[in-house]
Amino acid sequence: MADISNSTSTNSAQAVKAGGLMAWLEPQQNRILVLAALAGIALALPLILNNYAMEVMSSVWFYVVLCLGLNIVVGYAGLLDLGYAAFFAVGAYTTGILTSHFGINFWLTIPVAIFFSICAGVIIGGPTLRLRSDYLAIVTLGFGEIVRIIARNLEITGGASGLIGIEKPSIMGFELNEIQHFYYVFLLLAILACFISYRLQHSRLGRAWQYVREDEDAAEAMGINRVGIKLYAYVIGAIFGGVAGCFFAAKMTAISPETFMFQQSVLILLGVVLGGMGKIPGVIIGAFALVLFPEVFRELGSMRILVFAVVMLIIMLYRPEGIWPAKK
Amino acid sequence: MSLQDILLQQLANGLILGSFYALVALGYTMVYGIIKLLNFAHGDLYMIGAFCGFLVLSLISAVVGDSWAGLLCSMVLSMIAVGLLGVLIQRIAYQPMLAAPRLSILITALAVSMILSNSVMAFTDGEFLAFSTDLGFDGVELGNVFVTYTQIVLVAAAAILMVALYLFVHKTLYGKAMRAISIDKDACRLMGINVNKIIALTFFIGTSLAAAAGIMAGSYYGSIHFFMGFVIGLKAFTAAVIGGIGSIPGAMLGGLLLGLLESYGTQIPFIGTEWKDVFSFGILILLLVFKPTGILGQTEIERM
């Protein structure tokens, strides 16, 4: 509904009335100008930043990918997923096991990780997506725990201490080993994730998600396969998480089950909710806030999550749609 | 020990575990039944109950020493305190969200859960606290199975609470109002029932039952931790779903069943204690596939 008006003139007329920056952003060429400028800044950042800031910024791009992936599930399709770290873990462990135990090239592990993410998404989504959304929330929570416990108890995953010595990837003989290289890899992934999210949102599938999110019964009456398109959202979100996990394992060269605890899932969810569910710039802002907030407020230490939770509660009570929500 | 003894010993363990699950599951089911909210913070209220009981008990023991009376007294006091906290949470966080989309209220509940567990973490530095009650390890021998008095008292206390709740919901006017609200809130308003008051009462009872379970678990296992509510919250939800969410006898049955399943499940070869949680979540997922309404739940008819 909102999608149709998004690209047409009716909306820009309203926006001009509203005035200001948002109105200037309305025409396509101005948007592209801003995007190009932002991309230029992002590309040029390694020239001026030190290693610490580079590390933080790589982390930002990494969380942008994860948050955009979860945004497809939570923002577009309106399903609450509390075990998203599980898909992230599936990707990371697939790459970790295949490269360190079997010596398989990093790039070849990505399709395998995608395959396993899809399997995990179908196994967990298939049976539960028929049910009410609150069941899904708790089942995904349980699923996230199951994946972590399995990773901790199996021998092949390295048990509680995890996997070490994961090979760094190389492109045609050029090994990615410095933080600058990974900065660009994650930036590229983030841009790719934005592009895919954007295309999905404005596709037939994206409109179907929106319809189901707003009114499930009406959508079904219109001939939309409710369970089918939810499963699509769930599986596509899982692929995002899985691929991000592959690159995470390659960058860190070591992974342990504790990286994929419930808190990780909550953190990613927070990024989506904070910025504005279902809107790409909102989610990116959320991911920035997520990574930069703890860096800026280092002295808060373990109180960080508490402050985060209070912020989340206040946002839900006063701005339930997030800081920069999707247009309705 | 013979096979029979192992089975009997696990029966005792399972009943204890099951009573905790059942008490926590009751709160889940009551709140879900009345306002269709999955209260994620419920497990954390169980944890708060344990800490509150710890606090009151240490005050009492400092004056009169360890005793059963002291434990009982601290249990009652913390049940009231945590029950009031539950009502407060409902008023601040859930009441304004009742008309909001489902996703928003679920995230609100998640935020409340994080606030509760992280504030306790901040107070305790994330350390385990020893919940020493010193009730002794005396007990009775039933055949070859040894059952401590603590275990007997805990199961008895859980049973008393559950019977009391059942009588309250089915024999009093307030209970009748609760059941009516879970069927049709608007019609209840027209009939002159103070809906908000009954919802608050439901939160109070549900939360204080979780708090009771928290204190009992604290004194049984001997240590408490800010994260102790997380897994039991999940398990209790599983129990509520097994019994049929929204059904009070269902939650009791589901809790006991899950406790027994878990303690017998760990005896099966290749399923050690480290796989216990995987086992019960596996049950939850299988159940949702084959019988989402649970054992005693009713099929929900969606009206447009």
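Residues numbered from 1 in each chain as written. Chains lettered and ligands numbered in written order. Predicted model: local features only at pLDDT ≥ 70, side-chain atom pairs only at ≥ 80, totals over all residues. Heavy atoms only, no water.

### Brief notes about the interface of chain B and chain A
The interface of chain B with chain A comprises 44 residues on the first partner and 43 residues on the second. Summing both partners gives a buried area of about 3900 Å² for chain B against chain A, and 81% of it is carried by carbon and sulfur. Contact with chain A buries surface across chain B, with B:Leu103, B:Ile107 and B:Met114 losing the most and accounting together for 14% of the total. Counting every contact that joins chain B to chain A gives 0 salt bridges. Viewed at the interface, chain A and chain B are joined by 0 residue pairs in polar contact (both at pLDDT 80 or more). Counting residues per element, the ones that place at least two in the side of chain B that touches chain A are helix H1 (3–35), helix H3 (68–94), helix H4 (102–124), helix H9 (228–243) and helix H11 (276–290) of chain B. (Contact = heavy atoms within 4.5 Å. Buried area = accessible area lost by both parts, 1.4 Å probe. Salt bridge = Lys/Arg side-chain N within 4 Å of Asp/Glu carboxyl O. Polar contact = N/O pair within 3.5 Å; in protein donor to acceptor, adjacent residues only side chain to side chain. Helix = DSSP H or I, 4+ residues; strand = E, 2+ residues; numbered from the N terminus.)

### Structural notes on the packing of aromatic side chains
Residues and elements named next belong to chain A. In this structure the tally under the stated criterion is 26 aromatic pairs over all chains. A ring pair is formed by Phe88 and Phe260, whose centres lie 5.0 Å apart and whose planes are at 85 degrees; its orientation type is edge-to-face. Separated by 172 residues along the polypeptide, Phe88 in helix H6 (residues 85–102) and Phe260 in the loop between helix H12 (226–252) and helix H13 (262–275) bring together distant segments of the chain. Classification of Phe88 as buried rests on a relative accessible area of 0%. With a centroid separation of 5.8 Å and an interplanar angle of 55 degrees, the aromatic rings of Tyr93 and Phe260 are classed as tilted. Placement of the pair is Tyr93 in helix H6 and Phe260 in the loop between H12 and H13, with a sequence separation of 167 residues. Looking at Tyr93, the relative accessible area reads 6%, which means it is buried. Residue Phe260 is classed as buried on the basis of its relative accessible area of 4%. Grouping aromatic residues by their ring pairs yields a cluster made of Phe62, Tyr63, Phe88, Tyr93, Phe182, Phe186, Phe248 and Phe260. (Phe/Tyr/Trp six-rings, centres within 6.5 Å; stacked < 30°, edge-to-face > 60°. Buried < 20%, exposed > 50% of the residue type's maximum accessible area, 1.4 Å probe, protein only.)

### Let's talk about the confidence of the model for chain A
Residues and elements named next belong to chain A. Summarising the model, chain A shows a mean pLDDT of 81, and 91% of its residues fall at 70 or more. Across chain A, H12 holds the top mean pLDDT of 90, while helix H1 (residues 2–6) sits lowest at 42. Confidence over residues 1–17 falls short of pLDDT 50; this stretch has 20 contacts with residues more than four positions distant or in other chains. (pLDDT = per-residue confidence, 0-100.)

### Thoughts on the side chain of B:Ser208
As for its position among the elements, B:Ser208 is in helix H8 (residues 195–221). Leave out the neighbours within four places in its chain, and B:Ser208 touches B:Met79 and B:Gly83.

### Notes on H8(B)
Working note: α-helix, 3.6 residues per turn, so residues spaced by three or four point in the same direction. Compared with an ideal rise of 1.5 Å per residue, which puts 27 residues at 39 Å, H8(B) spans 39 Å between its outermost C-alpha atoms and is within 8% of the ideal. Counting buried residues along H8(B), 21 of its 27 residues qualify, which places the element largely inside the surrounding structure. (Expected span 1.5 Å × (residues − 1).)

### So, the pattern of salt bridges
Residue and element names in this part refer to chain A. Per the counting criterion, the structure on display carries 9 salt bridges over all chains. Put simply, Glu55 and Lys251 hold a salt bridge, and the shortest N to O gap is 2.7 Å. Residue Glu55 is located in helix H5 (residues 51–76), and its partner Lys251 is located in helix H12; the two are separated by 196 residues in the primary sequence. For Lys251, a relative accessible area of 13% puts it in the buried group. In this structure, Glu216 and Arg226 form a salt bridge, with 2.8 Å as the shortest nitrogen-oxygen distance. Here Arg226 lies in helix H12 and Glu216 lies in helix H11 (residues 216–221), a separation of 10 residues in the sequence. Its relative accessible area of 28% is what places Glu216 among the partly exposed residues. Counted as one network, the salt bridges with shared partners bring together Glu216, Glu220, Arg226 and Lys230.

### Description of the confidence of the model for chain B
In low-pLDDT regions, the fine details of the predicted coordinates are not to be read closely. Confidence along chain B averages 84 in pLDDT terms, with 94% of residues attaining 70 or more. Looking over chain B, one finds the lowest element-wise mean pLDDT in strand S2 (residues 139–142) of chain B, namely 73, and the highest in H8(B), namely 91.

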